[in-house]
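# Structural overview for review
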Amino acid sequence: MTMKHFLLIAGLAMTAVSCDRLLEFEPGDVILAEDAIQDADDLQRLLVSTYDVLANLYGGRVQIINELRGPNFGAPDNSLDFTAVYNRETTFFTGINGGAYTDFYYAIYRSNVVIENFQFVSDLDADEQLRLEAEARFVRAICHWGAVKLYARPYGYTADNSHAGVPLRLESSQDPLPRAAVGDVYAAIVDDLNYALLHLPATNGVYATQHAARAYLAQVHFLMGDYAEAAALASNIIASGEFSLDQDLDRFETDLINSETIFGIVSQPNDFRSSWFRDNLRSDNTSSPQLAFSEDFAFFMSLSGAGDARSQWYTPGVRALCNRFNNKEYFNIPLAHLTLMHLIRAEALAETGSDLETAIGDINAIRDRAYGAGNFPLSLTSTAEEVRDAARDEYRKETAGEGHWTDQLLRRGAMGESIVIRNAPWDCPGMSLQFSNSENTVDGFVLNEEGGCL
Amino acid sequence: MRLKPILFLLAISSLASGFGQTLSGTIVDIKGNPLPSASVIVDGTDGQFAGMDGSFSLELSPGDHQITFSFIGYLTKKRSVVIANEPIAWTITLEEDAVMIDDVVVVGYGVQRKKEVTGSIVQVSAKQITGIQTPSFEAALQGQAAGVQVSQSSGVAGAPSLIRVRGVASVSAAGDPLYVIDGIPITQEYFLRGNSGAFNNNPLASINPNDIESVEILKDAAATGIYGSRGANGVILITTKRGKKGTTFEFSTRAGFGTPATRPNMMDTESYLTLRQEAWENDGGTGYVWLPNMTSASDDPTTRQQAYLQAMQTNTNWVDETTGMGTKGNVNFGVRHGGDRYNLYAGVSQDNNGSYLLGNSYNRSSARFNVDWTPKSWAKVILSSSLSRGQNNRIDAAWSGGLGDAMSNALPYYPVRYEEDQVDANGNVVNEVGEYFLWFDEWGGTKNPVAVRELKQWKNTEDRSINNAQLILTPLKDLHVKLSGGFDYLHLKEDIFNPGALSITTDLGSANRNANYVLNWNYSATADYRLELDDTQTFNFLIGSEFQRTDNYGYGLYYGQVDSPIFENDSLAEDAANVNRTVNLPSQHSFLSYFGRVNYALKDRYFFQATARVDGSSRFGRESRYGFFPSLSAGWIISDESWYTSEKINFLKFRTSIGFTGNAALPDYARFGTYSPANNGNTYAGDSILYPIQPENPFLRWETSRTIDASLEMGLWQDRITLELAGYHKYSTDVLMNVSTPASTGFTNFWDNVGTILNRGVEFSVKSRNLTGAFEWNTDLNVARNYNELMDIGDYTPDAVSGGTNDSRVIVGRPVGSFYLVEHSHVDPETGLPVYLDLDGNETFEYSNDIRKYVGDGLPDIIGGMNNTFRYKNWDFSALATFSFGAKIFDSSAKRQLGVVTGWNMREEKLDRWRQPGDEATYPRLTLDETTYSLPSGFPWWNTSLFIFDASYIRLRNVTLGFNVPLPAGSNMSGCRIALNATNVFTLTNFPGLDPEVVRDFENAQDRNMSPNVTYLTPPQERAITLSISTNF
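Scope of this entry: the structure provided in the associated data block. If you're wondering where the values come from, they're calculated on a predicted model, not measured in any experiment.

## Examining unusual backbone geometry
All names here are of chain A. Even without being a glycine, Phe-272 presents a positive backbone phi close to 50°. One can find Phe-272 in the loop between strand E2 (261-265) and helix H11 (275-281). Exposure remark for Phe-272: the 15 C-beta atoms within 10 Å place this residue in the partly exposed category.

## Some words on the interface of chain B and chain A
Of the residues lining the interface, 69 residues belong to chain B; the matching set on chain A comes to 69 residues. The residue makeup of the side of chain B that touches chain A, split by class, is 35 nonpolar, 25 polar and nine charged. Sheet topology places strand E1 (residues 31-32) of chain A next to strand E34 (residues 674-675) of chain B; two bridges connect them, and they run antiparallel. Bridging from a neighbouring strand, Leu32(A) pairs with Thr674(B) of E34(B).

## A look at the sheet that holds strand E15 (residues 212-218) of chain B
Residues and elements named next belong to chain B. Taken together, five strands build an open sheet; the order of strands is E10-E15-E16-E13-E14 and the sheet is mixed. At either margin of the open sheet sits one strand with a lone partner, and together these are strand E10 (121-125) and strand E14 (184-185). Where strand E13 (residues 178-181) lies against E14, two bridges are found, and the strand directions are antiparallel. Bridge assignment links Ile-181 to a residue of E14, and that residue is Ile-184.

## Some points on the sheet that holds strand E37 (residues 692-694) of chain B
One open sheet accounts for three strands, arranged E1(A)-E34(B)-E37(B); its pairing is antiparallel. What marks the edges here is a single partner per strand, and that holds for E1 of chain A together with E37 of chain B. Direction of pairing for E34(B) relative to E37(B): antiparallel, over a ladder of two bridges. Note on E37(B): the bridge partner recorded for Tyr675(B) is Pro692(B).

## Overview of the environment of Phe963(B)
All names here are of chain B. Tracing the backbone shows Phe-963 in strand E51 (residues 953-964). Take Phe-963: there are 15 C-beta atoms within 10 Å of it, and that puts it in the partly exposed class. Not counting residues up to four positions away in its chain, the partners in contact with Phe-963 are Asn-874, Trp-875, Arg-977 and Ile-978.

## With respect to the environment of Ala370(A)
The topology assignment puts Ala370(A) in helix H14 (residues 356-371). Contact partners of Ala370(A), with chain neighbours within four places excluded, come to Asp308(A), Ala309(A) and Arg310(A).

## Section: the pairing of strand E20 (residues 361-376) of chain B
Residue and element names in this part refer to chain B. Inspection of the sheet shows strand E19 (residues 342-354) paired to E20 by 13 bridges, in the antiparallel sense. Looking across to E20, one finds that Gln-350 is bridged to Ser-365. Hairpin connection between E19 and E20: a loop of six residues separates the two successive antiparallel strands, and Gly-359 in this loop has a positive phi of roughly 90°. Bridge count for E20 against strand E21 (residues 379-393) is 14 bridges, and the pairing is antiparallel. Bridging from a neighbouring strand, Ser-361 pairs with Asn-393 of E21. The hairpin formed by E20 and E21 contains two residues between the paired strands.

## Considering the nonpolar core
By size, the foremost hydrophobic cluster in this structure holds 313 residues, and its most contacted members are Phe138(A), Leu193(A), Ala213(A), Tyr216(A) and Val387(A). Membership of the second largest hydrophobic core comes to 17 residues, among which are Ala38(B), Phe49(B), Leu58(B) and Ile83(B).

## Digging into the environment of Asp184(A)
Residues and elements named next belong to chain A. For Asp-184, the location among the structural elements is in helix H8 (residues 182-199). Between the alpha carbons of Asp-184 and Val-166 there is a distance of 9.7 Å; along the sequence they are 18 residues apart. Not counting chain neighbours up to four residues away, the residues in contact with Asp-184 comprise Gly-165 and Leu-168.

## Description of helix H3 (residues 40-58) of chain A
Residues and elements named next belong to chain A. Taking 1.5 Å as the rise per residue, H3 with 19 residues should run 27 Å; its terminal C-alpha atoms sit 27 Å apart, in good agreement. The element H3 is extensively covered by neighbouring structure, given that 17 of its 19 residues are classed as buried. Of the residues trailing H3, Gly-60 is marked for its positive phi of about 125°.

## Here we look at the packing of H3(A) against helix H7 (residues 126-151) of chain A
Residue and element names in this part refer to chain A. H7 packs onto H3 with a crossing angle of 20° between their chain directions and a minimal axis gap of 11 Å. The pairing of H3 with H7 is recorded here as roughly parallel in orientation. Crossing geometry of H3 relative to H7 is assigned as left-handed. Residue-level inspection shows Ala-40, Leu-43, Leu-47, Thr-50, Tyr-51, Leu-54 and Leu-57 of H3 in contact with H7, the latter providing Glu-128, Leu-132, Glu-135, Ala-136, Val-139 and Gly-146. Split into classes, the residues belonging to the contact of H3 with H7 amount to nine nonpolar, two polar and two charged.

## Remarks on the packing of helix H9 (residues 210-223) of chain A against helix H10 (residues 227-240) of chain A
Residues and elements named next belong to chain A. Relative to each other, H9 and H10 sit at 150°, their axes nearing to 8 Å. By the angle between their axes, H9 is roughly antiparallel relative to H10. When you trace H9 past H10, the crossing you get is left-handed. Facing H9, whose interface residues are His-211, Arg-214, Ala-215, Leu-217, Ala-218, His-221 and Phe-222, H10 presents Tyr-227, Glu-229, Ala-230, Leu-233, Ala-234, Asn-236, Ile-237 and Ser-240. Of the residues belonging to the contact of H9 with H10, the class tally is nine nonpolar, four polar and two charged.

Criteria and thresholds
Residues numbered from 1 in each chain as written. Chains lettered and ligands numbered in written order. Predicted model: local features only at pLDDT ≥ 70, side-chain atom pairs only at ≥ 80, totals over all residues. Helix = DSSP H or I, 4+ residues; strand = E, 2+ residues; numbered from the N terminus. Buried ≥ 20, exposed ≤ 12 C-beta atoms within 10 Å, placed from the backbone. Contact = placed C-beta atoms within 7 Å. Nonpolar A, V, L, I, M, F, W, Y, C, P; charged D, E, K, R; others polar. Pairing = 2+ DSSP bridges. Core = buried A, V, L, I, M, F, W, Y, C linked by C-beta atoms within 7 Å. Expected span 1.5 Å × (residues − 1). Axes fitted to C-alpha atoms, helices over the stretch in contact; angles between N-to-C directions. Parallel < 35°, antiparallel > 145°, perpendicular 65-115°, else oblique. Left-handed = near helix turned anticlockwise from the far one by under 90°.

And the structure:
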């Protein structure tokens, strides 16, 4: 072997590995962020993913958390997470509150990314852009609203609503944010929903529509104590004639969008989005489901008498087993529906003392369905206070298990009523869920006070 | 540019040229074995290396010449020659340098005389590794090297040990040392199967200890700097056996058994029910207490009473049901053969290691074939190849079941099997006598460790082949060019079959298979050149480049309705119609490196070394892809100075170094912002979705450690005692952390360079020949003290990084992985309630996460080992004791076993509980209600410092009694030894739990760094007794 050969071998050996491209690897099973959003279709799929997160939240999880905080559900069977919520003693070690919190902000982040990427997509016309932004802001609004209701004291807890709410994320920044004031969070929610109301289409498949935004606005204003606005918004929806009360009392239908549904979650046989209800509340699978209505709720329902068709939704007892979701493996879940609009309007009108006739009509529409037409009507001469109380009773019955009632109690407490929830004042600290521990990883974030509700 | 050094080296060497007459010959040792590449110097200025067969040939001019022959580890010989007209042939025999022959150590990309070494390197011999029964070879390193903390694995067969070299310098990136076998950095993934069944894969378990010739542990930057990018946590170089001149055979076999080194002291039925009843009554209950899986609190008193009395009829010792005696067997056969131009080593081995956990064993079959071939005097080929299969017959362990169940949810009144038919209200038999009694734990898992062990089929199979080919060219005197290619193949396959009998709801079972393939290619080229300027000055140059690429991919199979495991029916794997198949695309990474080393020796007593390495990693973006890791070091043999006169201290050396090393052991694609794939299969309402997965961090960069090291080595009384005292200061910056970020950002985790860690310490080791003569007594002792402090974590709080499910956190000013818990003060004698200390040290009955604080850490202050060896005639006896002081252990399972009375069995220590006012007790009043202890309801995890214990221990790790059988004259055997070995003979400790030395199952590398000395239902180590016979012939 000659020197030339040695040099050749050595040279090749030393240089063969000197190529920087040997260090270029990209993940094969995912898309790089810079390549992910190329066209309008990508934006649409990203937007749909926000609904996907909503479905994970409102497929029963948020509803159950809400009911567990309130008087409608009894003590869980043995789930430690449910028990922590029920006892209003969540900590950042409790998984269920941390998980829900994270999901709210997954959806908010994705909504912000949709809004921020219009300029990078060339095949998007102006109408589509408005629609995408409106939907994104709709999702952002209801997630901020869902979060602020669970993780902060209610609107009205302080006179100027300066008390700590939740981080207000209106852009996709990775910077830590402190808790915004509840008033600021609500202002942003209303702003987003108003934008959505303006730019959402009238029909949009299973996704958000103008009426969906309007229905949420009605609920938000109702919780803010802005009763006139709430009543007006609800009236608009009722008057549209696009929705009708389902006379068989089953809003949770399989493979059908119920006629009452203004906006809801779609559950299909391949995804079982309604599994939180199915797995924890159905009483036909096991004699000891994880969750059941409380004795207090059963007593309240028993006051209606056997003529109330809604009495079929539970089996009386210390643990009043829930029958509302029996015989269903999956079903669609209405989040904003016509019954809610009737009852919000009824109570809002009663609160303002105006147009009691309409309010009584709303209540009787609900009662006629429950008891049979004319069997248990609210008197047309009822006072505003009687109308309000009747509206509240019907509200509690109609939304049993739907996760609304606790919010109403907190609203009333914040408005000055003396509200006690399972032997604890409405404003006991533990009513607010503890934040995800991830918020505790950066200095300066103020966590909620824990416990104090037993 | 990279060619220039080579050209320079080659050019220097090209000065060699021809002369008039020939002086040729062979250089051999006293046994006649050739000494390959021995140095032949003519007149102190010119010369050559001998060939691989020891041959040399010089063309010399007529006249007088002085020829110097030398070889590492041998005494240099000089001879004069007068060249006339006739060729001359010599056979030169070099004698071993008695002092130096044992001091040749393997360093990165070469070997060095220890005398010349300027870095911190510890050598461990094959005998030290194979002399101990261990589940994996690395466990045998415990107590052998100062500053090397080896925490033994749990009692699960094949479980990995935890090795930390000079403390922990990483948080989220892997903190294990780099393992290099015959020059190839091997795959060392502990989490290929995650934490399946409370077990981490051990990538070292498939390596046959009997194939190992020696292990070198590189500790400081001077030693590890040549591995730059991956040297921050130390390097462990493994050299396998090679052939020798002639033919010899090695045979050894070992048999023995293993039992638990310690046993859990769980309560029997009577004790458990007594305490449960007391808790019930303390809480205001009347009548008999309700019993898990029999009654509930709302049952009427009569029902509860009947259940209680029935429960008293059963007393199952679940520890006995899940543990026993594991048998061990091992057979090794090897052959070494060598000729003039080649030598080879071939070895086969079968090792069956049954653990004391019933149903659990790790069996390894392995073969190795190493060949050295010298086809030309200037060329040598080295091939090294191993093939092994490790089969782990798995069981559930720790939190997953088995003995873990016996220590938790398996209550003593549960029978293993029904003792009579069970009928329902209608008189129908629902469970027949003899059927397994199954129950559900609080997470809904089907439980009964005996049933699960006997019905569930679980097998992990690892096929591994590590291969290395090297071509060494010696084109010119003193110049070696080495081309090396390595391929490390790892195929890990996990099969699980859960029969229908365990699922209750279905007659058929489910079968899983998860497979990983890790392909690891390595290619390197180096050139080294030795330049002797004169009799007093020598340079050694090394330059090289290296490329390594690793692909990791796999697949998963799942059958929901099947009656056999996949490994018993391979056709299932092809049953596309019924199998749920997932494919994991390759996760890939690569390193591209350039390095160089210059050693300068002056007067054979001043030694200097400079290394530099540039590493590029695919895990970093272009802006921060390359890291530069230099080191400088020097050594001074003081005792070789002319003015040095001490006779007592015959050898005195000082060395010091400073250098930088790095760490890039983070996930392959952590820097990328990513979204779900286009066809991810996920939909909402039938519409496809696109969603973000992780945020990008294009600024991720190398974790870097700067290490300053100094040491003093001494030999006393002609090396009868040798000492080494070393100190180091290791400052790690840009420490990689996978921090939890506020969920409101839309993500929950983020990789970032945020940490700063300090490790500093001293090490002391001594080897003493206490007695010589007919009765010999040798003592080896090493002690190390390390101080570890996390100095900075940016704006993050302690909760930003946690160790898996453990309560270890990052706390500035404290060691990595400190325990962060509510501090327990005492039990109030009046009320029996626990008293906590708030952040200001004030006593309170209120438990709150807001008053969590540093309550200890799992890093020891002092570690070490002492080995005493005694020899008399043919007998020898050795005892290795290891010790650790200053570490705390978090007995995480005790918070349930010794806390609120729940559906977990309790330990007998719980009997020391408060019962009435005035009692001074360790444990508070018994309760079934966690709120009694001020815990949040639904949260019986009593995370307090009550379960932080001193983990100091002294353990008689190994005892060996050996007998070297006298061989008759003329025997073909050259040695025969019989040895009786016992491990974990006894442990001195104040730890009240199972085992003060613990390596639990970890969730990931971060957990592995953060949670040493946390035990959670972790099986204790085994005590093994084995008898071995080894022969050479």
